[in-house]
Amino acid sequence: MIRLTLSSGSLRTLIEHQVPGWLARANRHTSAMRRRRRFSGPAIWGEIKRILMELQHHKCAYCERPMGNSVQANIDYDVEHFRPKGRVTPWPPPEKALRLGIRYSTGNGAADGYPLLAYEPGNLAVVCKMCNSPLKSDYFPIAGTASNASTDIAELDAVEKPLLIFPLGTQGRAPEEFITFHGIVPAPVKRSGPARRRARVTIDFFELHLRTDLNDGRAHCLVQLWDKIQLAKKGSSKQRQDAREVLAAAQEDYWPFSGCARAFLSLHTSDPQRAEQYYRAAHDIVTRKEPGLYPGSRSTSPRRHRPTR
Ligand SMILES: [Zn+2]
């Protein structure tokens, strides 16, 4: 997860330019809900989905899985309400708490959700089907007190203290301040305190450490980067130039799993031996050998005979 910076004003300008009249319709629907005090209205957020997809560089906002930019990719991804529009169900559900050993509480939910934010662009993100449903669903874990009286997200954040990290816009601290990667494994940056708790909840919530597709994607990324690091040092003049270009691209926002890539390249600068260990583990995953440093990251492997540790 990485911060994708765009101010609220810039996003609104973009929406008005590409879908004229959308903001005015959104305001009318919000005014209607202010009277009703519950969500009811058309799903016009789908009309700005393409805008969000482009702003997100065609990656899921939460897990950084790449999406295409075709009509088919459009079908694979949903517009997600960070604060649920209709109701908030307490998280985690008992099955998940048991499966992941979660013992912390994250609020009691809210019957009415956040109807006033249903049409707020700053409450929307484009996410993959897995992140949206079943994982995000109508959950919104918080450490503070639930409140849906305002449309000011900064005000709500101060009262509610959201435990999930929202990567879009300029509100709050960037995801990279909370979550780093040990090789392909997401981990809290901080050793203790609220920042560690928020990272832990976000990782557990989206199962960023457990999903095989994400671990495979990150492993392929690390193997590619390791090869480019070697070529940047030892290749021909052309190979060195090409490798440097790829290593620079891997730190751009558009790179799939760029949070993982940035952490790996930073580690290689500070601790190349540790980086090589992470590379070896990623290599073993890519080549379907032992899971190395990542037990449990792959539940079935045609070349592995010992049980997962
Ligand atoms: Zn996702």
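In this text the structure is predicted, and so the values were computed from the model without any measurement. (Residues numbered from 1 in each chain as written. Predicted model: local features only at pLDDT ≥ 70, side-chain atom pairs only at ≥ 80, totals over all residues. Heavy atoms only, no water.)

1. Looking at the pattern of salt bridges
A side chain of one charge can pair with a side chain of the opposite charge if their charged atoms are brought near each other.
Moving on, step 1. Inspection of the entire model under this criterion finds 18 salt bridges.
Moving on, step 2. We note a salt bridge from E160 to R83, for which the minimum N-O separation is 2.8 Å. Taken as a pair, E160 in helix 7 (residues 153-160) and R83 in the loop between strand 1 (77-81) and helix 5 (94-100) lie far apart in primary sequence, 77 residues in all.
Moving on, step 3. Look at E160 and you get buried, because its relative accessible area is 0%.
Moving on, step 4. Its salt-bridge partner being R87, residue D138 comes within 2.6 Å of it at the nearest N-O pair. Placement of D138 in the loop between helix 6 (129-136) and helix 7 and of R87 in the loop between strand 1 and helix 5 is noted, with a sequence separation of 51 residues between them.
Moving on, step 5. Because the salt bridges share partners, they merge into one network encompassing E95, K96, R99 and E207. (Salt bridge = Lys/Arg side-chain N within 4 Å of Asp/Glu carboxyl O. Helix = DSSP H or I, 4+ residues; strand = E, 2+ residues; numbered from the N terminus. Buried < 20%, exposed > 50% of the residue type's maximum accessible area, 1.4 Å probe, protein only.)

2. Looking at the domain arrangement of the chain
Moving on, step 1. Domains assigned within the chain are domain 1 (8-177) and domain 2 (180-187 + 210-309).
Moving on, step 2. Just the C-alpha atoms count here: the centres of domain 1 and domain 2 sit 31 Å apart.
Moving on, step 3. Opposite the 13 residues of domain 1 that make contact, domain 2 presents 12 residues.
Moving on, step 4. Counting the surface lost from both domain 1 and domain 2, the interface buries some 910 Å², and carbon and sulfur atoms represent 55% of this.
Moving on, step 5. Of all residues in domain 1, H57, K59 and E64 bury the most surface against domain 2, accounting for 43% of the area lost on that side.
Moving on, step 6. Summed over the shared surface of domain 1 and domain 2, the number is two salt bridges.
Moving on, step 7. For R65, the salt bridge goes to D213, with nearest N and O atoms at 3.6 Å. (Domains from an automatic or database assignment. Contact = heavy atoms within 4.5 Å. Buried area = accessible area lost by both parts, 1.4 Å probe.)

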